[in-house]
Amino acid sequence: MSVDETMSRIDLSALIAAVADTVSAHAEELTALDQAIGDGDHGLNMKRGFEAVRAESVALAEKPLPDALKAIGTKLVMTVGGASGPLFGTLFLTLGKELPTEPDRTELAAAFGKAVDAVAARGKSQAGQKTMLDVLYPVQAALAAGRTGAEIADAADTAAEATKPLKAIRGRASFLGDRSIGHVDPGARSSALIVRAITKTLERG
Ligand code: ADP
Ligand code: MG
């Protein structure tokens, strides 16, 4: 079952469970990444946020997709905290604003593009600055190019890994200057984890 075939009948509670599972299972890894170039809270921030979303997944799954995504975005802003909370919140809020109730692949790619641009605007950031954007933009490109879910997830992993040699220009890691080089960006890694969970769940259909 392809991403395209399943987009029109998304099982939102399965998606939320898959994302919360992976974020919680990798919380320590995300914390370790953030300890290297930040303040070590990224794992707990993300776990708290996505477990809060999971706690409401029954009510969320009853909403039309755009409303559910907006509610998820609001919840993430309220619960994740740090720099990443408002940024992931903006991603989901904008997806909710831009997506129709039963999106096809083209509509998904267009909405995701707008959502990533909104994150960049909110963070006053751009690709190449060692942030989550260095995963989100390649994911958008893979989505727009019609890649399979597995290919999109692999592109996200590769992109997260590729933040390692970069010097951080935005966020807390930028305070380290050259010492931020040689570590994977925590927000890039969490973004790749979320992307794999979503594509895997969609393709399982
Ligand atoms: P904080 O940095 O406030 O402790 P987190 O640790 O939860 O927040 O999140 C850090 C992640 O947020 C970084 O790894 C990076 O991917 C992302 N990030 C931080 N600032 C920006 C920004 N201005 N634009 C895009 N992403 C950012
Ligand atoms: Mg942090």
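> Describe the layout of surface pockets, naming the residues involved and giving the relevant values.
Vacant regions in the atomic arrangement are exposed by a probe of water-molecule size rolled over the atoms. The volume enclosed by the largest pocket comes to roughly 510 Å³. Looking at the largest pocket, it is lined by 25 residues, and the ones nearest its centre are A83, S84, R170, G171 and R172. Partitioning the lining of the largest pocket into residue classes produces 8 nonpolar, 10 polar and 7 charged.

> Go over the site of ligand 1 with me, naming the residues and quoting the values.
A83, S84, G123, S125 and D185 are the nearest of the 20 residues found near ligand 1. For ligand 1, a nitrogen atom lies 2.7 Å from a polar atom in the side chain of S125. Taken by itself ligand 1 offers 570 Å² of open surface, and the protein chains cover 93% of this. Put simply, ligand 1 lies in the largest pocket. Mapped by element, the contributors of at least two residues to the shell around ligand 1 are α4 (42–55), α7 (84–98) and α11 (186–204). No other element matches the 3 residues that α11 contributes to the shell around ligand 1. Of the residues that constitute the shell around ligand 1, the class distribution is 5 nonpolar, 9 polar and 6 charged.

> Pulling in residues and values, what's your account of empty space enclosed by the protein?
In the structure shown here, the tally under the stated rule is 1 cavity of 30 Å³ or more. Put simply, the largest cavity is a space of about 560 Å³. For the largest cavity, the lining is made up of 29 residues, of which L15, F92, L95, F112 and I198 are closest to its centre. Element by element, the count of residues in the lining of the largest cavity is highest for α11, at 6 residues. Taken together, the residues of the lining of the largest cavity sort by class into 27 nonpolar, 2 polar and no charged.

> Outline the coordination of the magnesium ion (ligand 2), supporting the account with residue identities and numerical values.
In this structure, D34 (OD), D39 (OD) and D41 (OD) serve as the protein donors to the magnesium ion (ligand 2), at separations of 2.0 to 2.2 Å. Site description for the magnesium ion (ligand 2): donor spacing in sequence, D-x4-D-x1-D. Given the relative accessible area of 9%, D34 is considered buried. With a relative accessible area of 39%, D39 lands in the partly exposed category.

> Break down the pattern of salt bridges for me, with residues and values.
Pairing of side chains with opposite charge becomes possible as their charged atoms draw close. Here the structure, examined in full by the defined rule, presents 11 salt bridges. The shortest N-O distance in the salt bridge between E51 and R54 comes to 2.8 Å. Here R54 and E51 lie together in helix α4, a separation of 3 residues that amounts to about one turn. In this structure, K75 engages E56 in a salt bridge whose closest nitrogen and oxygen atoms are separated by 3.1 Å. Pair noted here: K75 is in helix α6 (residues 65–79) and E56 is in the loop between α4 and α5 (57–62), with a separation of 19 residues, a long-range link. Salt bridges here are not isolated pairs; linked through shared partners, they connect E29, D154, D157, R189 and R196.

Reading the values: rules and limits
- Residues numbered from 1 in each chain as written.
- Chains lettered and ligands numbered in written order.
- Predicted model: local features only at pLDDT ≥ 70, side-chain atom pairs only at ≥ 80, totals over all residues.
- Heavy atoms only, no water.
- 1 Å grid on protein atoms, 1.4 Å probe; cavity = no way out; pocket = protein on both sides within 12 Å on 5 of 7 lines; lining within 4 Å.
- Points joined across faces, edges and corners; volume = space filled by probe spheres on them.
- Nonpolar A, V, L, I, M, F, W, Y, C, P; charged D, E, K, R; others polar.
- Near = heavy atom within 4 Å.
- Polar contact = N/O pair within 3.5 Å; in protein donor to acceptor, adjacent residues only side chain to side chain.
- Areas by Shrake-Rupley, 256 points an atom, 1.4 Å probe, with all protein chains shown as cover.
- Sits in = over half its atoms within 2 Å of the grid points.
- Helix = DSSP H or I, 4+ residues; strand = E, 2+ residues; numbered from the N terminus.
- Donors = N, O, S within 2.8 Å, 3.2 Å for Na, K, Ca; no water.
- Buried < 20%, exposed > 50% of the residue type's maximum accessible area, 1.4 Å probe, protein only.
- Salt bridge = Lys/Arg side-chain N within 4 Å of Asp/Glu carboxyl O.

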